[in-house]
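# Coordinate analysis (summary)
Each chain, letter by letter, is given below.
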Amino acid sequence: MPSVRSLAAEILVNPNTVAKVYRELEREKLLKARPGSGVLVATGAAKRARRTVHAELKFRLSAWLEEARDVGLADELLQEILVLGSLAT
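Predicted, not measured: the structure shown is a model, and the values here were computed from it.

Moving on, we come to helix H2 (residues 15-27). The terminal C-alpha atoms of H2, which comprises 13 residues, lie 18 Å apart, in line with the 18 Å expected from a rise of 1.5 Å per residue. Among the residues making up H2, those that are buried are Val18, Ala19 and Tyr22. Projection of H2 onto a plane perpendicular to its axis shows the buried side chains occupying an angular sector of 100°, all on one side. For H2, the exposed residues set more than 90 degrees away from the buried face come down to Asn16, Lys20 and Arg27. Where the residues of H2 are buried, they touch helix H1 (4-11), strand S1 (31-34) and strand S2 (38-41). The distance from a side-chain oxygen at the start of H2 to the backbone nitrogen of Asn16 is 2.7 Å, and the residue carrying that oxygen is Asn14. Lys29 occupies a position one or two residues after H2 and carries a positive phi of about 65°.

Moving on: the nonpolar core. By size, the foremost hydrophobic cluster in this structure holds six residues: Leu7, Ala8, Val18, Tyr22, Leu31 and Val39. Of all the elements in the fold, those that place two or more residues in this core are H1 and H2. The residues contacting Leu31, other than those within four sequence positions of it, are Met1, Tyr22, Leu25, Glu26, Val39, Leu40, Val41 and Ala42.

With that out of the way, let us pick up a nonpolar patch on the surface. Where nonpolar side chains cluster on the molecular surface, the patch consists of Leu61, Trp64 and Leu82 and spans about 270 Å² of accessible area. The exposure class assigned to Leu82 is partly exposed, which follows from its relative accessible area of 46%.

Now for the pairing of S1. Pairing between S1 and S2: four bridges, direction antiparallel. Paired with Arg34 across the strands is Gly38, a residue of S2. Linking S1 to S2, which pair antiparallel, is a turn of three residues; within it Gly36 sits at a positive phi near 90°.

Let us look at the packing of helix H3 (residues 45-70) against helix H4 (residues 75-84). As a packed pair, H3 and H4 sit with axes 10 Å apart at the nearest point and diverge in direction by 145°. When you trace H3 past H4, the crossing you get is right-handed. Where H3 abuts H4, its residues Leu61, Trp64, Leu65, Ala68 and Arg69 lie against Asp75, Leu78, Ile81 and Leu82. Its residues placed into classes, the contact of H3 with H4 shows seven nonpolar, no polar and two charged.

About the thresholds
Residues numbered from 1 in each chain as written. Predicted model: local features only at pLDDT ≥ 70, side-chain atom pairs only at ≥ 80, totals over all residues. Heavy atoms only, no water. Helix = DSSP H or I, 4+ residues; strand = E, 2+ residues; numbered from the N terminus. Expected span 1.5 Å × (residues − 1). Buried < 20%, exposed > 50% of the residue type's maximum accessible area, 1.4 Å probe, protein only. Arc of directions from axis to C-beta. Contact = heavy atoms within 4.5 Å. Polar contact = N/O pair within 3.5 Å; in protein donor to acceptor, adjacent residues only side chain to side chain. Core = buried A, V, L, I, M, F, W, Y, C linked by side-chain atoms within 4.5 Å. Patch = residues over 30% accessible without salt bridge, like charges linked within 9 Å, V, L, I, M, F, W, Y side chains within 5 Å. Areas by Shrake-Rupley, 256 points an atom, 1.4 Å probe, with all protein chains shown as cover. Salt bridge = Lys/Arg side-chain N within 4 Å of Asp/Glu carboxyl O. Pairing = 2+ DSSP bridges. Axes fitted to C-alpha atoms, helices over the stretch in contact; angles between N-to-C directions. Left-handed = near helix turned anticlockwise from the far one by under 90°. Nonpolar A, V, L, I, M, F, W, Y, C, P; charged D, E, K, R; others polar.

By themselves, these are just geometric observations and shouldn't be taken as functional.
Pasting the structure below:
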C-alpha cells in the first residue's frame, strides 16, 4: 500500500484522514502494518472483503424484495427480473 503521506498527496486529503482509514482497515483485518515495511494487504483480506460485500448485497436485496412485494409486484415478475437481470416487460 502507498504510504500515508504519498496517498494523502495523491488524493488531496489530510494525512490524518488516510492514517485513520488505514487504522480502521487494520482493525477490520484487511491491512497489516509492519514497522519498517509499511502497510500491506492482510492475508485473506480479499475473502473477508468479498464476504462483507455479499452480506451487504443480500441485505439490500432482501429489503428491495420486501419493498417490491409491498407495492404489488408479483413473485413471477420478481423472479424474472432476478433470473434475467432486466426489467423488460
